[in-house]
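The lines below spell out each chain.
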Amino acid sequence: MKLRIFRYDGEGSHYDEFQVPHESGQTVLDALFYIQENLDDSLSFRYSCRGAVCGSCAMLINKVPRLACRTQVKSLVEGEDDAEIKHYPALDKGDEIPEGAVLIEPLPHLPVEKDLIVDQDKFFEYYRDIEPMLKTEGKVPEKEYEMSPKEVNELEEYTNCILCAACFGACPVDGENEDYRGPAALAKLYRFHIDPRDNEDRLELADHEDGWWACEFHTNCRKVCPKNVPPNIAIGKARSQLQKEDE
Ligand code: SF4
Ligand code: FES
């Protein structure tokens, strides 16, 4: 099995190809480890949990942002990969997918530090901007908080986010407007807005041209999200509520 991998050392970039023996159940992250341990120990990539929990290993795999630890090599090589996202300019920057091989590149829309590692500062700056913590002042009950099953279910759709930034790298708007807060931050903001324990009107925080109103509903965010978080739905609902408030 052949892997074609983007390399960057701080000065110049190129692609390297590696032959990796295929094993049953092998993920892209497993293949990267094989290369690092057996073929080229300078290959750099980010990971931690190896189980789709920490969000560290998002990268561009066959032109789709995905978690390396969750993507099976077999499905890519055998053409069973059914990920269909809307095309956007960042996908044209690198190589084309080689016949019968897997192409691995860094996540788009964030600066590359080395090989497959990107600088996530901007992504987390936008995340911190939405003040991602519960604000319960004046709303603390004497006993427990009461939430209906409907409220819990809706909240859980958004709390599942692992901050992998795959949606940020898949969003055409993030590629054009570097001030756009991006799908993950907006989904998180909406998550606090609908939390019945929170006491602030959160929607205002992104009520500007680089927040709720910048989204063009390409829906790549939802298609690539490894946790099925629907940022596009959150953004649509937030806009409707803001429009109603203005009427
Ligand atoms: S919304 Fe999904 S794709 Fe975006 S950061 Fe969260 S888990 Fe990753
Ligand atoms: S290594 Fe943690 S999500 Fe992939």
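Everything here concerns the structure above.
Residues numbered from 1 in each chain as written. Chains lettered and ligands numbered in written order. Predicted model: local features only at pLDDT ≥ 70, side-chain atom pairs only at ≥ 80, totals over all residues. Heavy atoms only, no water.

Caption draft 1: The overall build of the chain, seen in detail. What the chain contains, in helices and strands, is 9 helices and 7 strands. Computed over C-alpha atoms, the radius of gyration of the chain comes to 20 Å, within 12% of the 18 Å expected from 2.2 N^0.38 for 247 residues, which places it in the range of a compact globule. Principal axes of the C-alpha set define a box for the chain whose edges measure 60 × 40 × 30 Å. Counting every position in the chain, which comprises 247 residues, the buried fraction comes to 49%. A separation threshold of at least 6 residues defines the contact pool for the chain, and within that pool the share at least 24 residues apart is 62%. When the accessible area of the chain is evaluated, it comes to approximately 12,600 Å², of which 43% is carbon and sulfur surface. Counting 29 positive and 50 negative side-chain charges, the chain places the centres of these two groups 3 Å from one another. (Helix = DSSP H or I, 4+ residues; strand = E, 2+ residues; numbered from the N terminus. Rg over C-alpha atoms; globule rule 2.2 N^0.38 Å. Buried < 20%, exposed > 50% of the residue type's maximum accessible area, 1.4 Å probe, protein only. Contact = heavy atoms within 4.5 Å. Areas by Shrake-Rupley, 256 points an atom, 1.4 Å probe, with all protein chains shown as cover. Lys, Arg positive; Asp, Glu negative; His and termini not counted. Charge placed at Lys NZ, Arg CZ, Asp CG, Glu CD.)

Caption draft 2: The layout of surface pockets, seen in detail. The calculated volume of the largest pocket comes to roughly 400 Å³. Together, 19 residues line the largest pocket, and Ala90, Lys93, Leu107, Pro108 and His109 are the ones closest to its centre. Among the elements that line the lining of the largest pocket, the one with the most residues is helix H6 (residues 172-176), at 3 residues. In terms of residue class, the lining of the largest pocket is made up of 12 nonpolar, 3 polar and 4 charged. (1 Å grid on protein atoms, 1.4 Å probe; cavity = no way out; pocket = protein on both sides within 12 Å on 5 of 7 lines; lining within 4 Å. Points joined across faces, edges and corners; volume = space filled by probe spheres on them. Nonpolar A, V, L, I, M, F, W, Y, C, P; charged D, E, K, R; others polar.)

Caption draft 3: Focus on the site of ligand 1. For ligand 1, the full set of nearby residues is Cys161, Ile162, Leu163, Cys164, Ala165, Ala166, Cys167, Ala184, Cys225, Pro226 and Val229. Because more than half of its atoms lie within 2 Å of the grid, ligand 1 is assigned to the largest cavity. Class assignment for the residues of the shell around ligand 1 results in 11 nonpolar, no polar and no charged. (Near = heavy atom within 4 Å. Sits in = over half its atoms within 2 Å of the grid points.)

Caption draft 4: Structural view of the pattern of salt bridges. Scanning the entire structure with this criterion turns up 17 salt bridges. Where Asp115 meets Arg7, a salt bridge forms, and the shortest distance between an N and an O atom there is 3.2 Å. Of the two residues, Asp115 is situated in the loop between strand E6 (112-114) and strand E7 (117-118) and Arg7 in strand E1 (residues 2-8); the sequence distance between them amounts to 108 residues. Note on Arg7: relative accessible area 6%, which makes it buried. Its salt-bridge partner being Glu105, residue Lys63 comes within 3.1 Å of it at the nearest N-O pair. Placement of Lys63 in the loop between strand E3 (58-61) and strand E4 (64-67) and of Glu105 in strand E5 (residues 101-105) is noted, with a sequence separation of 42 residues between them. Here the two residues Lys63 and Glu105 agree in accessibility, since each one is buried. (Salt bridge = Lys/Arg side-chain N within 4 Å of Asp/Glu carboxyl O.)

Caption draft 5: Main features of the pairing of E5. Of all 5 residues in E5, 5 are buried; the element is thus mostly enclosed. Neither face of E5 is open: one carries Ala101, Leu103 and Glu105, the other Val102 and Ile104, and all of them are buried. In this sheet, E5 lies alongside E3 in antiparallel orientation, the contact comprising 2 bridges. When the bridges of E5 are listed, Leu60 appears paired with Glu105. (Pairing = 2+ DSSP bridges.)

Caption draft 6: The arrangement of empty space enclosed by the protein in detail. In this structure the tally under the stated criterion is 3 cavities of 30 Å³ or more. In this structure, the largest cavity spans a volume of roughly 110 Å³. Forming the boundary of the largest cavity are 16 residues, of which Cys161, Cys167, Ala184, Cys225 and Val229 lie nearest the centre. The element best represented in the lining of the largest cavity is helix H7 (residues 183-193), accounting for 3 residues.

Caption draft 7: Fine view of the nonpolar core. Counting 72 residues, the largest nonpolar core has Ile5, Leu32, Ile104 and Trp212 as its most contacted members. Of the residues that make up this core, three or more belong to each of domain 1 (2-117) and domain 2 (120-246). For Leu32, the contacting residues outside a window of four places in its chain are Ile5, Leu43, Phe45, Met59, Ile104 and Leu116. (Core = buried A, V, L, I, M, F, W, Y, C linked by side-chain atoms within 4.5 Å. Domains from an automatic or database assignment.)

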